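Read off the chains here:
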Amino acid sequence: MKVEVKTLDAGKSGEVELNDAVFGLEPRADILHRVVTWQLEKRRGTARGARERSDVARTGKKFGRQKGGGVARHGDRAAPVFIGGGKAHGPRVRDFNPSLNKKIRALGLKMALSAKAKGGSLTVIDNLDVADGKTKVLVGQLEKLGVAKALFIDGDAINISFAKASSNLVGINVLPAVGANVYDILRAETLVLTRAAVEKLEARFNG
């Protein structure tokens, strides 16, 4: 699949041949759903469980007489009402421990890229150079490019001038190629890849 390569100023910079094995697949909702669910579950932190009544190391011996003491008839120092006792209705450990086959994860990323390519919301640009890293300059370039909200993916590392210029622009996100993931790609209005990103993503699957 051939795609026109643009500059940040919306000028023409040639063409690039996209690998159909990466950008030309037919997206499947079930695969994408599995990968996104796995990603979101991996982000969830595991709660630290509290020690409950049966977990604390305190004596279970009855420490007062049953009647005549003028106080409640307790029989266990581990009761939640005592200092050092177990927590009543405390947080429990909920470890989701999600797992997903590497082949399915790779297939999901390919399908996410293919979905953007087939939907016409994929743009390939030459590079992310912004003069002096100025936000005002970048805003003008994005207007020419026709991009308001987008995910930009660069090569090995994020372009410093672009990262600086876009740091306070709402809706503009940037990732290195190694950070490309299904969730961020699918939720982006537009996906913008540099030439270097295309090379890295294709090498990632062919290597």
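Above this text sits the structure in question.
Here the structure is a predicted model, which is why all the values come from computation and not from measurement.

Asker: Break down the overall build of the chain for me, citing the residues and quoting the values.
Answerer: When helices and strands are counted, the chain shows seven helices and six strands. Its C-alpha radius of gyration of 28 Å places the chain more than 25% over the 17 Å reference for a compact globule of 207 residues. Overall, the C-alpha framework of the chain stretches about 95 × 40 × 25 Å when taken along its three principal axes. Long-range pairs, those at least 24 residues apart, make up 70% of the contacts in the chain with a sequence separation of at least 6. For the chain, the exposed surface amounts to about 12600 Å²; the carbon and sulfur share of it is 49%.

Asker: Describe the side chain of Lys 116, naming the residues involved and giving the relevant values.
Answerer: Residue placement: Lys 116 occurs in helix α3 (residues 102-118). For the buried Lys 116, no salt bridge is present, and the opposite-charge side chain at shortest range is Glu 189, 8.8 Å distant. In this structure, Lys 116 is in contact with Ser 121, Leu 122, Ile 185, Leu 186, Ala 188, Glu 189 and Leu 191, ignoring residues within four places of it in sequence.

Asker: Provide a residue-level description of the pairing of strand β4 (residues 150-153), including the pertinent values.
Answerer: Neither face of β4 is exposed, since Ala 150 and Phe 152 on one face and Leu 151 and Ile 153 on the opposite face are all buried. Sheet analysis places β4 next to strand β5 (residues 172-175), joined by four bridges and oriented parallel. What sits directly across from Ala 150, in β5, is Ile 172. You can see the chain leave β4, run along helix α5 (residues 160-166) and come back into β5, and the turn it takes is right-handed. By the bridge criterion, three bridges tie β4 to strand β6 (residues 191-194) in an arrangement that is parallel. Each residue of the ladder has a partner; that of Ile 153, found in β6, is Leu 193.

Calculation notes
- Residues numbered from 1 in each chain as written.
- Predicted model: local features only at pLDDT ≥ 70, side-chain atom pairs only at ≥ 80, totals over all residues.
- Heavy atoms only, no water.
- Helix = DSSP H or I, 4+ residues; strand = E, 2+ residues; numbered from the N terminus.
- Rg over C-alpha atoms; globule rule 2.2 N^0.38 Å.
- Contact = heavy atoms within 4.5 Å.
- Areas by Shrake-Rupley, 256 points an atom, 1.4 Å probe, with all protein chains shown as cover.
- Buried < 20%, exposed > 50% of the residue type's maximum accessible area, 1.4 Å probe, protein only.
- Lys, Arg positive; Asp, Glu negative; His and termini not counted.
- Salt bridge = Lys/Arg side-chain N within 4 Å of Asp/Glu carboxyl O.
- Pairing = 2+ DSSP bridges.
- Right-handed = clockwise from strand over helix to strand, strands pointing away.

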